[in-house]
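# Structural overview
Chain by chain, the residues run as shown.
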Amino acid sequence: MKEEITQRIIEEVLRRLQQKPHDEASIPIGVSGRHCHLKEKDLEFLFGTGYQLTKKADLSQPGQFAANETVIIAGPKGSIERVRVLGPLRSETQVEISQTDAIKLGLKPPIRESGNLKGSSPVTIIGPNGSLFLENGLIIAHAHIHMPPEDAATFNVEDGEYVAVQTDNPMRPIRFERVQIRVSPKYNLEMHIDTDEANAGFIVSGHTGRLVKAEGKR
């Protein structure tokens, strides 16, 4: 028992020693391509009664995965094929795209926090078993940072706070303003941006940024 307690103390000390000061710590960046979250009823409507998602690969956030399943999304001006479905299932169906995608579809989705779908854009989702029209459900995701509580403490930020993040690409440095902090013990530290934001700064998944300015709470 004493050995176990001692080992826990050692691990905690090492963890704290490895933590970088707030102004020097870097944040890994993940580039999020267009994707779709489905609720159970809509999954069955699109793929068949009793259908279950099959895992293609785990994502950076614990418990989240890219499914083998894809759908087509459509708007008044066009469609986009092979939009990846992400799991697990959600309470509401939601499609996240970039502004470039929105122009191709002929739609005007708002920039929103994930899950904030009231008054968002309509979209049609097409699966192998049928098509589904949603009056709300299409958004451009607001840039955000997932943080476990210990990282939030290191950076001295709180859930719902907005910050700025500076990238250091010497060819095209980019500073992202009003990046939202999301804190949960279920998260791993990672900033999420969409493909348009990534292309603007020549950013690929695995690049890092520096949290440089707190803008205040929501």
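Residues numbered from 1 in each chain as written. Predicted model: local features only at pLDDT ≥ 70, side-chain atom pairs only at ≥ 80, totals over all residues. Heavy atoms only, no water.

## A short note on the overall build of the protein
Cut-off, in case you're wondering: The secondary structure listing takes helices from DSSP runs of H or I that are at least 4 residues long and strands from runs of E that are at least 2 residues long, numbered from the N terminus. Throughout this description, buried means an accessible area under 20% of the type-specific maximum (1.4 Å probe, protein chains only), exposed means over 50%, and partly exposed covers the range between. Throughout, a contact is declared for two residues whenever any of their heavy atoms are within 4.5 Å.
What the protein contains, in helices and strands, is five helices and 14 strands. Out of the 218 residues belonging to the protein, those deemed buried represent 43%. Nonlocal contacts in the protein, meaning residues at least 24 apart in sequence, comprise 68% of its contacts between residues at least 6 apart.

## With respect to the environment of Gly30
Within the element layout of this structure, Gly30 appears in strand E1 (residues 26-32). Owing to a relative accessible area of 6%, Gly30 belongs among the buried residues under this scheme. Sequence separation of Gly30 and Asp194 is 164 residues, and the distance between their C-alpha atoms is 8.6 Å. Not counting the four nearest positions on each side in its chain, Gly30 is found in contact with Glu190, Met191, His192, Ile193 and Ser205.

## Structural notes on the pattern of salt bridges
Filter applied, for reference: In the sections that follow, a salt bridge refers to a side-chain nitrogen of Lys or Arg positioned within 4 Å of a carboxyl oxygen of Asp or Glu.
All told, the structure shown has five salt bridges when counted by the stated rule. In this structure, Asp58 and Lys55 form a salt bridge, with 3.0 Å as the shortest nitrogen-oxygen distance. For Asp58, a relative accessible area of 57% gives the class exposed. Ionic pairing is found between Glu177 and Arg175, a salt bridge with its closest N-O pair at 2.7 Å. According to the relative accessible area criterion, Glu177 is partly exposed, its value standing at 41%. The class of Arg175 is partly exposed, set by a relative accessible area of 38%.

## Concerning the packing of aromatic side chains
Selection rule: Only Phe, Tyr and Trp rings are paired, with Trp represented by its six-membered ring, and only when their centres lie within 6.5 Å; those with planes under 30 degrees apart are stacked, over 60 edge-to-face, the remainder tilted. By the criterion adopted, a ring carries a charge over it if an Arg CZ or a Lys NZ lies within 6 Å of its centre and within 35 degrees of its normal.
Counting across every chain of the model gives one aromatic pair. For the pair Phe47 and Tyr51, a centre-to-centre distance of 5.1 Å together with 25 degrees between the ring planes defines the contact as stacked. Given a relative accessible area of 13%, Phe47 falls into the buried group. Among the residues examined, Tyr51 registers a relative accessible area of 31% and is labelled partly exposed. A cation over a ring is seen here: Arg178 above Tyr162, with NZ or CZ 4.0 Å from the ring centre.

## Examining the environment of Leu105
As for its placement among the helices and strands, Leu105 is situated in helix H3 (residues 99-105). On a C-alpha basis, the gap between Leu105 and Gly78 in space is 4.7 Å, while along the polypeptide they are 27 residues apart. Apart from residues no more than four positions distant in its own chain, Leu105 is found in contact with Ile73, Ala74, Gly75, Pro76, Lys77, Gly78, Ser79, Ile80 and Ile97.

## Quick word on the confidence of the model for the protein
How we decide: For every residue, the predictor assigns a confidence score, pLDDT, that lies between 0 and 100.
Confidence along the protein averages 89 in pLDDT terms, with 86% of residues attaining 70 or more. Counting interchain partners and residues more than four positions distant, the pLDDT-below-50 stretch residues 9-23 has ten contacts.

## Points about the side chain of His146
How we decide: Between N or O atoms, a polar contact is any pair within 3.5 Å; within protein, one atom must be a potential hydrogen donor and the other a potential acceptor, and residues adjacent in sequence are included only when both atoms are from side chains.
Along the chain, the position of His146 falls in strand E10 (residues 144-147). A distance of 3.3 Å separates a polar atom in the side chain of His146 from a polar atom in the side chain of His144. Residues within four places of His146 in sequence aside, it is in contact with Gln61, Arg182, Tyr187, Asn188, Leu189, Glu190 and His192.

## Notes on the pairing of strand E8 (residues 121-127)
To keep things clear, this is the line we draw: A pair of strands is labelled paired if DSSP reports no fewer than 2 bridges between them.
Along E8, the buried face is formed by Ser121, Val123, Ile125 and Gly127; none of Pro122, Thr124 and Ile126, which line the opposite face, is buried. Here three bridges tie strand E4 (residues 65-74) to E8, and the two strands are oriented antiparallel to one another. Within the sheet, the bridge partner assigned to Ala74 lies in E8 and is Thr124. Sheet topology places E8 next to strand E9 (residues 130-141); six bridges connect them, and they run antiparallel. Among the inter-strand pairings, Ile126 is bridged to a residue of E9, identified as Ser131.

## A closer look at helix H2 (residues 40-47)
The following threshold applies: Taking the helix axis as origin, the arc is that swept by the directions to the C-beta atoms.
The set of residues buried in H2 consists of Asp42, Leu43, Leu46 and Phe47. Projection of H2 onto a plane perpendicular to its axis shows the buried side chains occupying an angular sector of 110 degrees, all on one side. Relative to its buried face, H2 has exposed residues pointing more than 90 degrees away, namely Glu40 and Lys41. Contacts made by the buried residues of H2 are with E4, E8 and E9.

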